[in-house]
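Structural overview
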Amino acid sequence: QVQLVQSGGGLVQAGGSLRLSCAASERTFSNYYMGWFRQAPGKEREFVATFSWSGASTVYADSVKGRFTISRDNTKNTMYLQMNSLKPEDTAVYYCAADSNYHSVREGAGVDYWGQGTQVTVSS
């Protein structure tokens, strides 16, 4: 059973920063592609960030590029999303995702496993 346990998030003023964490089992971390998504009220879930297929680089949605940073600590089996220069439009529930298929994580379609979600609210 794959479990993704999220932490972090909360309420922050515009321009502030938050860091999200997603902890997984060692087997999940080493065998699955992982990424971050978000869903704002009344909107569909959208891709935020992931690693490249090789894992050597990172991929971001245009809306967060230059402000968000995805990273991972293999010793802790944890993935992070550092969010800087937050804007009110970043307000959403953020989810980490894991799948054995890279394109599922990249596209958000048919993802096998999701974290429980964590609320990020950015006030103006």
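Let me sum up the structure you'll find in this document. (Residues numbered from 1 in each chain as written. Predicted model: local features only at pLDDT ≥ 70, side-chain atom pairs only at ≥ 80, totals over all residues. Heavy atoms only, no water.)

Here's the deal with the overall build of the protein chain
Within the protein chain, the regular secondary structure consists of two helices and 11 strands. Along the longest, intermediate and shortest principal axes, the C-alpha atoms of the protein chain span 40 × 30 × 25 Å. In the protein chain, which comprises 124 residues, the share counted as buried stands at 46%. A separation of at least 24 residues holds for 59% of the contacts in the protein chain among residues at least 6 apart in sequence. Here the protein chain displays about 6,500 Å² of accessible surface, and carbon together with sulfur accounts for 45% of that area. Across the protein chain, the mean location of the 11 positive side-chain charges is 5 Å away from that of the 10 negative side-chain charges. (Helix = DSSP H or I, 4+ residues; strand = E, 2+ residues; numbered from the N terminus. Buried < 20%, exposed > 50% of the residue type's maximum accessible area, 1.4 Å probe, protein only. Contact = heavy atoms within 4.5 Å. Areas by Shrake-Rupley, 256 points an atom, 1.4 Å probe, with all protein chains shown as cover. Lys, Arg positive; Asp, Glu negative; His and termini not counted. Charge placed at Lys NZ, Arg CZ, Asp CG, Glu CD.)

Details of the sheet that holds strand 1 (residues 4-8)
Spatial ordering of the open sheet is given by 1-3-8-7, a layout of four strands whose pairing is antiparallel. The sheet terminates laterally at strand 1 and strand 7 (68-73), the two strands that pair on one side only. Sheet twist, expressed as the average angle between the axes of neighbouring strands with direction ignored, equals 20°. Relative to strand 8 (residues 78-83), strand 7 runs antiparallel, the two sharing six bridges. Its bridge partner lying in strand 8, S71 is registered against Y80. (Pairing = 2+ DSSP bridges. Axes fitted to C-alpha atoms, helices over the stretch in contact; angles between N-to-C directions.)

A closer look at the pairing of strand 9 (residues 92-99)
With seven of eight residues buried, strand 9 is to be regarded as a mostly interior element. Where strand 4 (residues 33-39) meets strand 9, seven bridges bridge the pair, whose relative direction is antiparallel. Note that in strand 9 the partner of Q39 across the bridge is V93. In this sheet, strand 11 (residues 118-123) lies alongside strand 9 in antiparallel orientation, the contact comprising three bridges. Counterpart to Y94 in the pairing with strand 11 is T118.

Re the environment of Q116
Positionally, Q116 belongs in the loop between strand 10 (113-114) and strand 11. Q116 sits 113 residues away from Q3 along the chain, and the two C-alpha atoms are 9.3 Å apart. If we ignore the near neighbours within four places in the chain, the residues touching Q116 are L4, V5, Q6 and Y95. Separated by 2.8 Å, the side chain of Q116 and the backbone oxygen of Q6 make a polar contact. (Polar contact = N/O pair within 3.5 Å; in protein donor to acceptor, adjacent residues only side chain to side chain.)

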